[in-house]
Amino acid sequence: MVRRLGWECCCHSQESEAVPGPIAQKEMDAEKPVTPTEEQLEILEYNFCKVNKHPDPTTLCLIAAETGLSEEQTLKWFKQRLAQWRKSEGLPSESGSVRD
């Protein structure tokens, strides 16, 4: 469940942040895959099933903050979970695709 806390979301901060240089960006891109803990999975599943299968950027940021995962990891989890859900429902793998 997304709790609305009294702080501003990290991805929508009004303060300017330093842009990472090429070396820092490569280190960020090489981030190892993280397997969410059981507690993190509960939060992710709750938000997927009860709140929204397609969270907006602000909600995604709040979910990431609540789970302790990065926004990129959280978005990746939601994309993979949506693909899994679509497959289980017998829907096309891509949203918006129509098959005759």
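Residues numbered from 1 in each chain as written. Predicted model: local features only at pLDDT ≥ 70, side-chain atom pairs only at ≥ 80, totals over all residues. Heavy atoms only, no water.

For the chain, an unreviewed UniProt entry supplies the name Homeodomain-only protein and the organism Aythya fuligula.

### Looking at the nonpolar core
Within the largest apolar cluster, eight residues are counted, these being L44, F48, L60, I63, L69, W77, F78 and L82. Looking at this core, the elements that each hand over two or more residues are α2 (38–51), α3 (57–67) and α4 (71–88). The element best represented in this core is α4, accounting for three residues. (Core = buried A, V, L, I, M, F, W, Y, C linked by side-chain atoms within 4.5 Å. Buried < 20%, exposed > 50% of the residue type's maximum accessible area, 1.4 Å probe, protein only. Helix = DSSP H or I, 4+ residues; strand = E, 2+ residues; numbered from the N terminus.)

### Here's the deal with α4
In an α-helix, one full turn covers 3.6 residues, which means residues spaced three or four apart are oriented alike. Taking 1.5 Å of rise per residue, 18 residues should cover 26 Å, and α4 covers 26 Å from first to last C-alpha, within 8% of that figure. Residues Q73, T74, W77, F78, R81, L82 and R86 constitute the buried set of α4. (Expected span 1.5 Å × (residues − 1).)

### Points about the pattern of salt bridges
The tally for this structure, following the rule as stated, stands at one salt bridge. For the salt bridge of R81 with E45, the shortest nitrogen-to-oxygen distance reads 2.9 Å. Pair noted here: R81 is in helix α4 and E45 is in helix α2, with a separation of 36 residues, a long-range link. Residue class for R81 comes out buried when judged on its relative accessible area of 16%. (Salt bridge = Lys/Arg side-chain N within 4 Å of Asp/Glu carboxyl O.)

### Overview of the side chain of T74
Along the polypeptide, T74 turns up in helix α4. Under the relative-accessibility criterion, T74 is labelled buried at 0%. Among the polar contacts listed, one links the side chain of T74 to the backbone oxygen of S70, at a separation of 2.8 Å. Apart from residues no more than four positions distant in its own chain, T74 is found in contact with L44, L60, I63, A64, T67 and L69. (Polar contact = N/O pair within 3.5 Å; in protein donor to acceptor, adjacent residues only side chain to side chain. Contact = heavy atoms within 4.5 Å.)

### Describing the packing of aromatic side chains
Taken as a whole, this structure holds three aromatic pairs when the rule is applied. With a centroid separation of 6.2 Å and an interplanar angle of 90°, the aromatic rings of F48 and W77 are classed as edge-to-face. Taken together, the residues F48 in helix α2 and W77 in helix α4 connect sequence positions 29 residues apart. The pair formed by F48 and W77 is uniform in burial state, with each residue classed as buried. K53 extends its terminal NZ or CZ atom over the ring of F48, reaching a point 5.0 Å from the ring centre. Here the basic side chain of K53 rests over the ring of W85, its NZ or CZ set 5.0 Å away from the ring centre. (Phe/Tyr/Trp six-rings, centres within 6.5 Å; stacked < 30°, edge-to-face > 60°. Lys NZ or Arg CZ within 6 Å of the ring centre and 35° of its normal.)

### What to know about α3
Buried within α3 are the following residues: T59, L60, C61, L62, I63, A64 and T67. In this structure, the buried side of α3 is in contact with α2 and α4. Among the residues of α3, the N-terminal cap falls to D56, whose side-chain oxygen and the backbone nitrogen of T58 are separated by 3.0 Å. Looking at the residues trailing α3, positive phi occurs at G68, about 85°.

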